[in-house]
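Secondary and tertiary structure notes
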Amino acid sequence: MIIILLGPPGAGKGTIAGEIKKEKDIPIISTGDILRKAIKNGSDLGKEAQSYVNSGKLVPDYLIMKIIEERIKEKDCKKGFMFDGFPRTIQQAVDLELLFKRLKHNIDQVFYFETSKNTIIERLSDRRVCTKCGAIYNLNYNPPKIKDKCDKCGGELIQRDDDKEETILKRLEVFNDETLPLVDYYQKQNILTKINADQDLDDRFKEVEARLKELGLVGKK
Ligand code: ADP
Ligand code: ZN
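What this report covers is the structure whose coordinates are included nearby.

Parameters at a glance
Every chain begins its residue count from 1, and numbering advances along the sequence as written. Chain letters start at A and ligand numbers start at 1, both assigned in the order the entries are written. Under the rules for a predicted model, residues below a pLDDT of 70 receive no local features and side-chain atom pairs below 80 are neither given nor counted, while totals for whole chains, interfaces and linings still include all residues. With hydrogens and water set aside, each side-chain value is computed from the structure's full complement of heavy atoms. In DSSP terms, a helix is any run of H or I states spanning at least four residues, a strand is any run of E spanning at least two, and both are numbered starting from the N terminus. Put simply, the radius of gyration uses C-alpha atoms, and a globule should come to 2.2 Å times the residue count raised to 0.38. The contact criterion used is simple: two residues touch if any of their non-hydrogen atoms lie within 4.5 Å. Here the accessible surface of atoms and residues is derived via Shrake-Rupley with a 1.4 Å probe, and residues count as covered only by protein chains that are part of the display. All tallies of charge rest on Lys and Arg as positive and Asp and Glu as negative; His and the ends of each chain are not included. The atom standing in for a charge is NZ when the residue is Lys, CZ when it is Arg, CG when it is Asp and CD when it is Glu. Residues are classed as near a molecule or strand on a simple rule: at least one heavy atom within 4 Å of it. For this analysis, a polar contact is any N or O atom pair within 3.5 Å, provided that within protein one partner can donate a hydrogen and the other can accept it, and provided that sequence-adjacent residues contribute only side-chain to side-chain pairs. We call Asp, Glu, Lys and Arg charged. Ala, Val, Leu, Ile, Met, Phe, Trp, Tyr, Cys and Pro are nonpolar, and the rest, Gly among them, are polar. Two strands pair if DSSP finds at least two bridges between them. For helices, the fitted line uses only the C-alpha atoms of the stretch in contact; every axis is such a line through C-alpha atoms, and the angle between N-to-C directions lies from 0 to 180 degrees. Expected helix span is taken as 1.5 Å per residue step, with the number of steps being one fewer than the number of residues. For every residue, the accessible area (1.4 Å probe, protein chains only) is compared with the maximum for its type, and the residue is labelled buried under 20%, exposed over 50%, or partly exposed between those bounds. An arc is given here, and it is the one of the directions from the helix axis to the C-beta atoms. Coordinating donors are taken to be N, O and S atoms lying within 2.8 Å of the metal, or within 3.2 Å when the metal is Na, K or Ca; because water is excluded from the atom set, some sites may appear incomplete. Sites are called tetrahedral only when four donors show all angles between 85 and 135 degrees, square planar or octahedral only when four or six donors show opposite pairs over 155 degrees and all other angles between 65 and 115, and irregular in any remaining case.

1. A closer look at the overall build of the protein
Secondary structure assignment for the protein yields nine helices and eight strands. For the protein, whose C-alpha radius of gyration is 17 Å, the value lies close to the compact-globule estimate of 17 Å for 221 residues. With the C-alpha coordinates of the protein rotated into their principal frame, the extents come out at 45 × 40 × 35 Å. Restricting to contacts in the protein with at least 6 residues of sequence separation, those with at least 24 account for 69%. Taken as a whole, the protein presents about 12,000 Å² of accessible surface, with 48% of it coming from carbon and sulfur. Treating the 40 positive side-chain charges of the protein as one cloud and the 37 negative ones as another, the clouds have centres 5 Å apart.

As structure tokens, this is what we get:
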């Protein structure tokens, strides 16, 4: 199963990906996570990507495609994978199509998480992430049991550098300009499902799950 999670920052793509993974154990490929890790480690990729990520701009397509091709060729991707935060531009979608042609892969479904601006700003400013395992919390509706500590691994919770209000607005603008055209692109291919992402997590996931079942991608038909 190969699926793409598309939506503005704060739409809950990462959280939904985690929920899907409980039902279908395939890796979540988050280009954002890969980039943040590279930046933290100070690798060549990290050095090249740092200024883009920290200012909320998009990392150049060629770098992203290199990351993706390497990642999906790893063993754990044999049974499929989920993309979270990729593709982000029409160029990346076109490059992905070429790559998939070469590798004989198919996109099963694209989920577009439609969200209002207010929801996004609220969710992102209250978002905290675990520095150790990447788990995502929200101070309002999904707080950790102990302040600033991860329930799962005890790691420290922090606010991402790019979750500050002015960078959020920049990322939203970039999303509308660069990524939104992908909705049309995938709709034309008849592989897009829209999800109302203003709903709470349970309802969002129920919609996704129902569609995955309908498509015969998880559970019984
Ligand atoms: P969010 O979805 O919350 O904006 P991500 O973790 O997906 O956050 O991405 C964080 C940052 O990483 C982006 O603002 C951008 O700089 C960079 N990035 C992630 N994925 C891509 C991509 N596919 N193409 C270009 N830049 C990307
Ligand atoms: Zn953790």
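2. Things to note about the site of ligand 1
Lining the immediate environment of ligand 1, one finds 20 residues, of which Thr-31, Arg-36, Lys-57, Gln-92 and Arg-171 sit closest. A distance of 2.7 Å separates a nitrogen atom of ligand 1 from a polar side-chain atom of Thr-31. Note that an oxygen atom of ligand 1 is positioned 2.5 Å from one of the backbone N or O atoms of Lys-57. Listing elements by their share of the shell around ligand 1, those giving two or more residues are helix H2 (31-41) and helix H3 (44-55). The element that contributes the greatest number of residues to the shell around ligand 1 is H2, accounting for four residues. Of the residues assigned to the shell around ligand 1, the class counts are eight nonpolar, four polar and eight charged.

3. Observations regarding the sheet that holds strand S8 (residues 192-196)
Pairing is parallel across the open sheet formed by five strands, whose spatial order is S2-S3-S1-S4-S8. Across the chains shown, the open sheet's two edge strands, defined by having one partner strand only, are strand S2 (28-30) and S8. The sheet shows a mean angle of 20 degrees between the axes of neighbouring strands, direction not considered. Two elements, strand S4 (residues 109-114) and S8, share five bridges in a ladder whose sense is parallel. By the bridge assignment, Glu-114 is partnered in S8 with Asn-196. Along the sheet face, helix H8 (residues 181-188) touches strand S1 (2-6), S4 and S8 and points at about 130 degrees away from the line of S8.

4. With respect to helix H9 (residues 201-214)
With 14 residues, H9 ought to run about 20 Å at 1.5 Å a step, and its terminal C-alpha atoms sit 20 Å apart, in line with that. When H9 is considered as a whole, its buried residues turn out to be Arg-204, Phe-205, Val-208, Glu-209 and Leu-212. Relative to the axis of H9, the buried residues are bounded by an arc of 130 degrees and lie together on one face. When the buried face of H9 is taken as reference, the exposed residues oriented beyond 90 degrees from it are Asp-202, Lys-206 and Glu-214. Positive backbone phi, approximately 75 degrees, marks Gly-216, located one or two places after H9.

5. Details of the side chain of Asp-162
Locating Asp-162 in the fold gives a position in the loop between strand S7 (157-158) and helix H7 (165-179). A polar contact of 2.9 Å, which involves the side chain of Asp-162, links it to the side chain of Arg-160. Among residues more than four places away in sequence, those in contact with Asp-162 are Val-53, Thr-167, Ile-168 and Arg-171.

6. What to know about the coordination of the zinc ion (ligand 2)
Under ideal tetrahedral coordination, the four donors around a metal are separated by 109.5 degrees; under ideal octahedral coordination, the six donors are separated by 90 or 180 degrees. For the zinc ion (ligand 2), the protein coordination sphere consists of Cys-130 (SG), Cys-133 (SG), Cys-150 (SG) and Cys-153 (SG), at 2.3 to 2.4 Å. One can describe the donor arrangement at the zinc ion (ligand 2) as tetrahedral, given that its four donor atoms subtend angles of 100 to 115 degrees at the metal. Counting the intervening residues between successive donors of the zinc ion (ligand 2) yields the motif C-x2-C-x16-C-x2-C. Highlighted residues: Cys-130 in strand S5 (residues 127-130) and Cys-150 in the loop between strand S6 (136-138) and S7, separated in sequence by 20 residues. According to the relative accessible area criterion, Cys-150 is buried, its value standing at 5%.

7. What to know about unusual backbone geometry
The amide bond that connects Phe-86 to the next residue, Pro-87, takes the cis arrangement and shows omega of -10 degrees. Within the secondary structure layout, Pro-87 lies in the loop between strand S3 (81-84) and helix H5 (90-103). One non-glycine residue, Asp-148, adopts positive backbone phi at about 60 degrees. Position of Asp-148 among the secondary structure elements: in the loop between S6 and S7. Residue class for Asp-148 comes out partly exposed when judged on its relative accessible area of 36%.

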